[in-house]
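Chains, contacts and geometry: an overview
Chain by chain, the residues:
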Amino acid sequence: MYTIRTATVNDVETIREIADQTWWVTYGPLLEKEQITFMLNEIYAADKIRKQIETGAQTFIMLLEDEEPVAFAAYSPREENADIYKLHKLYCLPKTQGKGYGKVLINEVVQRTTDAGKKVLELNVNRYNNAKTFYEKMGFAVASEEDIAIGPYWMNDYVMRKEL
């Protein structure tokens, strides 16, 4: 049994814990240890997540399994085009992968996007991440490639898009 709710600032540490547990499993085979550490500290700094939640820069949703937070997603309108929503983050604890929670969270973000009257959802995925296949099964297609500098490192991503 699972439930979904919108995250609050009280969830910041839980979001960070889920990200930390998930990133090492997901990106360990793809990135150097130093890059993972740097990016976790950069993207998931408590003050950054707190500010994103407080200002509404990103809406975080939590998926709870038997009242335990086990997954989250974050989304927002794109800064450069508010008609397109972006799924910024989607992570499920490794112990829950395969239970369909990623699909549940994407469907929730799709519903919230269409409820806002928008018809396009985008996301970035590392070009070597196996999640690309999952996103394709969810109806996303590669729209472009982009390389994004994060400190001294690069994120080599596909931009994937789903028409709603």
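Structure: above.
Structural notes, computed from the coordinates. In this numbering scheme, every chain counts its residues from 1 along its sequence in written order. Given that the model is predicted, a residue must reach a pLDDT of at least 70 before its local features are reported, and side-chain atom pairs must reach 80 or more before they are shown or counted; all residues, however, enter totals for whole chains, interfaces and linings. By convention in this description, side-chain values take in all heavy atoms of the structure and omit both hydrogens and water.

So, the overall build of the chain
Only DSSP runs of H or I covering at least 4 residues are called helices, and only runs of E covering at least 2 are called strands; the numbering of each starts at the N terminus. Each helix and strand counted, the chain has 5 helices and 7 strands in total. Sequence-ordered secondary structure for the chain, helices as α and strands as β, is β-α-α-α-β-β-β-α-β-α-β-β. Taken over C-alpha atoms, the radius of gyration comes to 15 Å for the chain, in line with the 15 Å a tight globule of 164 residues would show. Along the first, second and third principal axes, the C-alpha atoms of the chain reach 40 × 35 × 35 Å. Exposure classes here rest on a 1.4 Å probe applied to the protein chains alone. A residue is buried below 20% of its type maximum, exposed above 50%, and partly exposed in between. Going through the 164 residues of the chain one by one, you find that 45% of them count as buried. The globule rule is 2.2 Å times the number of residues to the power 0.38, and the radius of gyration it is compared with is taken over C-alpha atoms.

Considerations on the packing of helix α1 (residues 12–27) against helix α3 (residues 46–55)
Every angle, taken between N-to-C directions, lies between 0 and 180 degrees, and every axis is a line fitted to C-alpha atoms, over only the stretch in contact when it is a helix. The N-to-C vectors of α1 and α3 enclose an angle of 120°; their axes lie 9 Å apart at closest approach. Classed by the angle they form, the pair α1 and α3 counts as oblique. In this structure, α1 crosses over α3, and the sense of that crossing is right-handed. Residues Val12, Glu13, Ile15 and Arg16 of α1 touch α3, and the partners they reach there are Ala46, Ile49, Arg50 and Ile53. Residues are grouped as follows: nonpolar covers Ala, Val, Leu, Ile, Met, Phe, Trp, Tyr, Cys and Pro; charged covers Asp, Glu, Lys and Arg; every other residue, Gly included, is treated as polar. Classifying every residue of the contact of α1 with α3 by side-chain character gives 5 nonpolar, no polar and 3 charged. Roughly parallel refers to an angle under 35 degrees, roughly antiparallel to one over 145, roughly perpendicular to one between 65 and 115, and oblique to any angle outside these ranges. Helix crossings are classified by the rotation of the near helix relative to the far one: an anticlockwise turn of less than a right angle makes the crossing left-handed, while a clockwise turn makes it right-handed. The contact criterion used is simple: two residues touch if any of their non-hydrogen atoms lie within 4.5 Å.

Some remarks on the sheet that holds strand β5 (residues 120–126)
Note: two strands are recorded as paired if DSSP finds a minimum of 2 bridges between them. Pairing within the open sheet is mixed, and its 7 strands lie in the order β1-β2-β3-β4-β5-β7-β6. The open sheet terminates on both sides in strands that have one partner only, identified here as β1 (2–6) and β6 (141–150). Neighbour-to-neighbour, the strand axes of the sheet open up by a mean angle of 25°, direction not taken into account. Bridge analysis of strand β4 (residues 84–92) against β5 gives 4 bridges, and the strand direction is parallel. Among the inter-strand pairings, Ile84 is bridged to a residue of β5, identified as Val120. Running at roughly 60° to strand β7 (residues 153–163), helix α2 (residues 33–43) makes contact with β4, β6 and β7 of the sheet. Running over the sheet, helix α4 (residues 101–115) touches β1, β2 (59–65), β3 (68–77), β4, β5 and β7 and is turned about 140° from β2.

Brief notes about the pattern of salt bridges
Within this document, salt bridges are pairs made up of a side-chain nitrogen of Lys or Arg and a carboxyl oxygen of Asp or Glu, the two lying within 4 Å of each other. Evaluation of the coordinates by the stated rule reveals 13 salt bridges. Note that Glu65 is salt-bridged to Lys99, the shortest N-O span being 2.7 Å. Of this pair, Glu65 sits in strand β2 while Lys99 is found in the loop between β4 and α4, placing the two residues 34 residues apart along the sequence.

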